[in-house]
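Below, each chain spelled out in residue letters.
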Amino acid sequence: MISSIKIPAAPELSYLLRLADTCLISGQRLGEWCGHGPILEEDIALSNMALDLIGQSRALLTLAGQRSGESFDEDQLAFLRDEIDYRNPTLAELPRGDFAFTILRNLVLSTWLKLMWERLRDSSDAELAAIAGKALKEARYHQQHAADWAVRLGDGTDESHRRCEAALAQVWLYIPELFEDDAVDAAATAAGLGPAWSQLQEPWLAEIGEVLGEAKLAVPPAPTFRSSGKRGLHSEHMGYLLAEMQYLQRAYPGGAW
Amino acid sequence: MSTENEWPLWEVFVRTKAGLDHKHCGSLHAADPKMALQMARDVYTRRQEGSSVWVVRSDQIVASDPSDKDMLFDPAEDKVYRHPTFYKLPDSVDHM
Amino acid sequence: MYTQAMDTLREEGGDKPALRTAEEAQLQQRFDNRIDAGEFIEAKDWMPENYRKTLLRQISQHAHSEIVGMLPEGNWITRAPTLKRKAILLAKVQDEGGHGLYLYAAAETLGTSRDQMLDALHSGKAKYSSIFNYPTLTWADVGAIGWLVDGAAIMNQVPICRCSFAPYARAMVRICREESFHQRQGYDSLLVMMKEGTEAQRAMVQEAVNRWWWPCLMMFGPPDDQSPNSVQGMRWGIKRVSNDTLRQKFVDAAMQQAEVLGVTFPDPDLRWNEATGHWDYGAIDWSEFWRVVGGEGPCNRERLAARVRAWEEGEWVREAALAHARKFDLKEAA
C-alpha cells in the first residue's frame, strides 16, 4: 500500500486544486454512465463529456503539480492524496443518480465552469489561461447539451418533470458552496490568478434562471445547509469514490501503468 | 412489439474540412433536430472528422428506385463525347 | 470488438427457398449473378429472403456484441490506474458503443427497427458473442481483452469489410479504421506492466492471459467440419475466411507477440510445426463453448441484466424527449 502525498498549504495551490478536482471528480462520475445510458447515442455523448473533463483535470493537475514546489505529477495528485486534500465542491462527488440528476448537475457545473474558464483566460498565469482557452470550448458544448436536455425533461412528461424537480431540489442544496469566498479566493484575486468564486454568482444565476424558466422548473428556495468539499470536508460518498478510483495505485506499490 | 415510440432515424452528412462536400457517413436516432445535430457531432466526429454537419430525417429523403437503375443511368453510357478523353489533340496542345 | 462465427448458432433453411413465380426466379438469377460478379447489394435492391434474414441476424448479433462488450471493460473505467489509462479506456469502450450504433443502423436498412432488435436481445432471443460472458477480474484483463479479444475480433472483421451487403461493409470499414487503436492500447498496457512493472504486476498479466487464451480461440467458432453454413456465407461474402484458417492465423500472430511480451499461453501442446509453417495447438474444449453460448457462462445473467436495466431505466428519458419534441412540432404547426 502506497501512503499518501502531503499537499503544501498554499492558497494558490488550493485554488488550482479546487478547479482541477471539480473536473476530475465530475469526469469520474460521468464516466460511470458509459455502457449504461438511456440510449446508445446519449451514452456516447456522456462519455465525450467525461473525456473532456478528464482531459481538463489532467492539464490542471499537471499545472498544480508544477506550482506545488514538490514536482508532483498528475497521477500522484489524482490518486495519492488523502480525502481531505481533494478540493472539489461536494456537488461533484454525489452519486450519478438518475438521468435527471446527472443532467441538472451537469447544467449547474458546466455553466459554472464556462463562466470560470471565460475569466481564467485573463489569468496572470499564462499556462492556466491557455488551459482555460481550450476548456472553454468544451464547457460551452457541455452547457448547451445539459440545457437542451433540462428543457426536454422539464417540459416533457409528468414523470420527467417530477424527476427534474426532485433532482433540482437535491442539487440546489449544494449551490451556495459554489459562490462563497474564503482566503483561497482572496489570494487568487490578489495574485491575478483567477476570479473569486462569488464573482460568478450573478451571471450564473441569470443563465441558469433562463434555462429553468424554459424547462418550466421553479428555482428552489435558498438552502441553509452549507456543503464544504472545497475545504476538504466531503460527503460520505467521497470515500467510496476514492477507494474505487485509487485502488490500483494504492495496491501495487512501485507499479508502472 | 410496437416501435411507434422509437426516436426517428436521421441521416448524417459530414464535411471533413472547408472546401469539401458534405458526405453521407451514417445514421442515428434522435428525438428532435437539435439533438440530432449534437448526437451527430458526438457519434460521427470523435476523431476530428468534421468541420460541419448536416442531419436530415431519413423519412424525408426521396430516393430513386433500384429497379429504375437501367432506365435512369444506362443512357449516359454511350455519350462518350462528353468526356475530354474522347478528343485526341496534337501533342503540342495536349494540355488544353 | 465482436466476433465469433455466430452464423453457426442457428441455421436458416436451404440455400435457395422454393421460388413461387418465374419473375422471382429471374430476380434470384440476377441476384446470384451480381453476387458472383463481386457486386455490392444495397438495402433497397431485391434480395432473397434467406439472405435478408441471415444478414439481419448476423449484423444485429454483431451489434449486440458491441454493446454487451462495453460492460466487461467498462467495469474498470472508475478504477483505471492512471488518468491516461482512464481516458484511453473510456474512449475505447465508447467506441464499442459507436460500433454498435453503426451496426444497428446497417441492420435497420433491412427493415427491422433498433427497438425490435433490442427487444430480441433483452428477451434472450438474440445472441451476442459469448466472450463477453467472461468476467474481468483484474486490471490486466483490460489489456488482455485489447490484445487478444480485439486481436481475434479484428481478424474476423477485416474480411467483412468486403462483404456483399454494402451497408454492412461500409459500417465495417469505419469500425476497422476506428478499432486499429484498440488492440494496440491493450498490448501497450500489458507491455508497460511486463517491462517496467513489479513482480506482482507481471503475475497479474500472466494470470489474465491464462484465463483469456482459450475463450479467445473459441471466438472463431466451431471447427470447419462442424460449421455447415460456411459455404453459403462464403458465397455471400459475409464470411470470407474459414473459422480454422482465421484461428490458425491468430495463434501464429499471438505466439510472436507473447514472446515479445514475455508471457506464455496455458497450452502444453503449443509447438512450432516445421512442416506446416504454423504453430500447432491443443484441443479446444468445445463443451465449454456450447455451455457459455447456451447461457451457462460465468456472467451471462449479469450482462443481460445490466443491458435490460439500462434500457428500462432510460425509458422515461426516451419518452420525455419524444413528448417534448411532439409539443414543439404542434407549436410549429399552429
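See above for the structure.
All of these numbers come straight from a predicted model, not from anything done at the bench. (Residues numbered from 1 in each chain as written. Chains lettered and ligands numbered in written order. Predicted model: local features only at pLDDT ≥ 70, side-chain atom pairs only at ≥ 80, totals over all residues. Heavy atoms only, no water.)

When you look at the overall build of chain C in this model, what are you seeing that I'm missing?
Scanning chain C for helices and strands turns up 13 helices and two strands. Compactness check: chain C gives a C-alpha radius of gyration of 21 Å against a globular reference of 20 Å for 334 residues, within 12% of the reference. Overall, chain C is about 65 × 60 × 35 Å in size when its C-alpha atoms are taken along their principal axes. Among the 334 residues that make up chain C, the fraction classed as buried is 61%. Restricting to contacts in chain C with at least 6 residues of sequence separation, those with at least 24 account for 79%. For chain C, the accessible surface area stands at approximately 13300 Å², while carbon and sulfur atoms represent 53% of it. Counting 40 positive and 46 negative side-chain charges, chain C places the centres of these two groups 4 Å from one another. (Helix = DSSP H or I, 4+ residues; strand = E, 2+ residues; numbered from the N terminus. Rg over C-alpha atoms; globule rule 2.2 N^0.38 Å. Buried < 20%, exposed > 50% of the residue type's maximum accessible area, 1.4 Å probe, protein only. Contact = heavy atoms within 4.5 Å. Areas by Shrake-Rupley, 256 points an atom, 1.4 Å probe, with all protein chains shown as cover. Lys, Arg positive; Asp, Glu negative; His and termini not counted. Charge placed at Lys NZ, Arg CZ, Asp CG, Glu CD.)

Is there a simple way to think about the layout of surface pockets in this case?
Where empty space is left in the structure can be found by rolling a water-sized probe over the atoms. Size it by volume and the second largest pocket reaches roughly 980 Å³. Residue lining of the second largest pocket: 29 residues in total, with N48(A), D52(A), R41(B), D42(B) and T45(B) positioned closest to the centre. Sorting the residues of the lining of the second largest pocket by element identifies α2 (40-67) and α5 (126-154) of chain A, α1 (33-44) and β3 (52-57) of chain B together with α4 (83-108) of chain C as the ones contributing at least two each. With seven residues, α5(A) is the single largest residue contributor to the lining of the second largest pocket. Here the lining of the second largest pocket is composed, by residue class, of eight nonpolar, 10 polar and 11 charged. (1 Å grid on protein atoms, 1.4 Å probe; cavity = no way out; pocket = protein on both sides within 12 Å on 5 of 7 lines; lining within 4 Å. Points joined across faces, edges and corners; volume = space filled by probe spheres on them. Nonpolar A, V, L, I, M, F, W, Y, C, P; charged D, E, K, R; others polar.)

Please explain the side chain of Q246(A) as it appears in this structure.
Residues and elements named next belong to chain A. Structurally, Q246 is set in helix α9 (residues 237-251). Among the residues examined, Q246 registers a relative accessible area of 8% and is labelled buried. Aside from chain neighbours lying at most four places away, what touches Q246 is A78, F79, L80, R81 and Y86.

Is there a simple way to explain the interface of chain A and chain C in this structure?
In many reports, interface size means the accessible area that the parts give up when they come together. Taken together, the contacts link 50 residues of chain A with 48 residues of chain C. Between chain A and chain C, roughly 4100 Å² of surface is buried when both sides are summed, and carbon and sulfur atoms account for 69% of that area. At the boundary of chain A with chain C, the tally comes to two salt bridges. Across the chain A-chain C interface, the total number found is 15 residue pairs in polar contact (both at pLDDT 80 or more). The leading source of residues in the side of chain A that touches chain C is α2(A), at 12 residues. (Buried area = accessible area lost by both parts, 1.4 Å probe. Salt bridge = Lys/Arg side-chain N within 4 Å of Asp/Glu carboxyl O. Polar contact = N/O pair within 3.5 Å; in protein donor to acceptor, adjacent residues only side chain to side chain.)

For this particular structure, what's the right way to read the interface of chain B and chain C?
With 22 residues of chain B in contact, the opposing surface of chain C contributes 23 residues. Together, the buried faces of chain B and chain C total about 1900 Å²; carbon and sulfur atoms form 54% of this surface. Here chain B and chain C share four salt bridges between them. The residue D95(C) makes a salt bridge to R47(B) at a minimum N-O spacing of 2.4 Å.

Looking at this structure, I do not really get the sheet that holds strand β1 (residues 9-15) of chain B. What am I missing?
All names here are of chain B. Strand order in the open sheet made by the three strands is β2-β1-β3, with antiparallel pairing throughout. For this open sheet the edge positions go to β2 (23-29) and β3, each flanked by a neighbour on one side alone. Each adjacent strand pair in this sheet contributes to an overall mean axis angle of 30°, direction not counted. Bridging between β1 and β3 involves six bridges; their strand directions are antiparallel. For F13, the partnering residue across the bridge sits in β3 and is W54. α1 contacts β1, β2 and β3 of the sheet and is inclined by roughly 115° relative to β2. (Pairing = 2+ DSSP bridges. Axes fitted to C-alpha atoms, helices over the stretch in contact; angles between N-to-C directions.)

Looking at this structure, I do not really get a nonpolar patch on the surface. What am I missing?
On the surface, a nonpolar cluster with roughly 420 Å² of combined accessible area is contributed by V80(B), Y81(B), F86(B) and Y87(B). As for its placement among the helices and strands, V80(B) is situated in the segment after α2 (69-73). (Patch = residues over 30% accessible without salt bridge, like charges linked within 9 Å, V, L, I, M, F, W, Y side chains within 5 Å.)

When you look at the packing of helix α1 (residues 11-31) of chain A against α9(A) in this model, what are you seeing that I'm missing?
Helix packing geometry: the angle between the two helix axes and the distance between the axes. Residue and element names in this part refer to chain A. Look at α1 against α9: their axes get within 12 Å of each other, and the N-to-C directions meet at 80°. Classified by the interaxial angle, the pair formed by α1 and α9 is roughly perpendicular. Side by side, α1 and α9 meet where L24, I25, Q28 and R29 of the first sit next to H237, M238, L241 and M245 of the second. Split by residue class, the contact of α1 with α9 holds five nonpolar, two polar and one charged. (Parallel < 35°, antiparallel > 145°, perpendicular 65-115°, else oblique.)

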